[in-house]
Amino acid sequence: NTFINYPEGELARMIFHELAHQVLYVKDDTMFNESFATAVERLGGTRWLAEHAPVAARSEYAAYDARRQQFRQLALATRTKLHEIYEKNKPSAPVKYDLLAMKNVVMQSFKDDYARLRLSWGGYSGYDRWVADANNASFGAQAAYDELVPGFEALFAQQAVVDSASPDKRWQRFYDVAKHLAELDTAQRKLILKPQ
């Protein structure tokens, strides 16, 4: 598989992500599941890099992760623009503009901005396929991986207040709190992790 060629730090993060799904999975709540796994991969990856990765792996990962963060910011900005277009042009509202034309302008802007990013990365092409196939569903699916991550990261940070001396206990408490959230209904979980 292509992932075997990932930088060492990225491979570690991917493993943490997939193992997180073994720790906790909630039926029919993709956003909760993927945001939880993404938070675990980020937090676990950061710890692994700091404690176990050689200097070269840390450096390689830093470049890889910087590109990912820039791409995520671009995708989020595009998703926000698309959301605004659809909110302002709901079927119940009077249609003032051609919805498809407005969407096409946003998508072309996304592709142009990505091309500039790609140049600044020295031609790194890791997101080319995603960009070529991008549509509303792509941006929606990506939201599942990002939307509740800040809430999970805040929950993890709260565990340090309880016992800063034991990182392993901190992780167990974090998992216990996440499992408790999993027992609530979807709306309650989202309200706790992403308060309005």
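Along each chain, residues carry numbers from 1 onward, in the same order as the chain's sequence is written. Whole-chain, interface and lining totals are the exception, using all residues; otherwise, since this is a predicted model, local features are given only for residues with pLDDT of at least 70 and side-chain atom pairs are given and counted only at 80 or more. To obtain the side-chain values, all non-hydrogen atoms of the structure were included, while hydrogens and water were left out.

Visitor: Quick question: what am I supposed to make of the nonpolar core here?
Guide: Generally speaking, nonpolar side chains in soluble globular proteins are found buried as a group. We call a set of buried residues a nonpolar core when its members are Ala, Val, Leu, Ile, Met, Phe, Trp, Tyr or Cys and they connect through side-chain atoms within 4.5 Å of each other. Accessibility here uses a 1.4 Å probe with only protein chains present; expressed as a share of the type maximum, an area under 20% marks a residue as buried, one over 50% as exposed, and anything in between as partly exposed. Within the largest apolar cluster, 21 residues are counted, with the highest numbers of intra-cluster contacts made by Phe32, Phe36, Val40, Phe152, Trp171, Phe174 and Leu193. Contributions of two or more residues to this core are made by α2 (30–51), α7 (149–162) and α8 (167–182). In this structure, phenylalanine 36 is in contact with Ala20, Val23, Leu24, Phe152, Phe174, Tyr175 and Ala178, ignoring residues within four places of it in sequence. The next biggest cluster of nonpolar side chains, apart from the first, holds 15 residues, and it includes Phe110, Tyr114, Val131 and Phe139. Under the DSSP-based scheme used, a helix requires at least four consecutive residues in state H or I and a strand at least two consecutive residues in state E, with every element numbered from the N terminus. Contacts: residue pairs with any heavy atoms within 4.5 Å of one another.

Visitor: What am I meant to see in the pattern of salt bridges here?
Guide: A side chain of one charge can pair with a side chain of the opposite charge when the charged atoms of the two come close. Take a side-chain nitrogen of Lys or Arg and a carboxyl oxygen of Asp or Glu: if they are within 4 Å of each other, that pair is a salt bridge. Summed over the entire model, instances satisfying the criterion amount to 12 salt bridges. Close ionic contact of arginine 189 with aspartate 29 constitutes a salt bridge, the shortest N to O distance being 2.8 Å. Taken as a pair, arginine 189 in helix α9 (residues 186–193) and aspartate 29 in the loop between α1 (8–23) and α2 lie far apart in primary sequence, 160 residues in all. By relative accessible area, arginine 189 is classed as buried at 4%. Arginine 68 is the salt-bridge partner of aspartate 65, the closest N and O atoms lying 3.0 Å from each other. Separated by 3 residues within a single helix, aspartate 65 and arginine 68 lie in helix α3 (residues 55–88), roughly one turn from each other. Like aspartate 65, the residue arginine 68 is buried in the burial classification. Among the charged side chains, a salt-bridge network with shared partners connects Glu10, Arg13, Glu41, Asp65 and Arg68.

Visitor: Mind showing me how you'd approach the side chain of asparagine 33 here?
Guide: Tracing the backbone shows asparagine 33 in helix α2. When neighbours within four sequence positions are excluded, asparagine 33 is seen to be in contact with His21, Leu24, Tyr25 and Val26.

Visitor: How should I be thinking about the confidence of the model for the chain in this particular structure?
Guide: Should pLDDT be low for a region, the predicted coordinates there are not to be read in detail. Residues at a pLDDT of 70 or more form 92% of the chain, whose mean pLDDT is 89. Confidence of the prediction at every residue is given by pLDDT, a number between 0 and 100. The lowest-confidence element of the chain is helix α6 (residues 136–146), averaging 87 in pLDDT; the highest-confidence one is helix α5 (residues 128–133), averaging 96.

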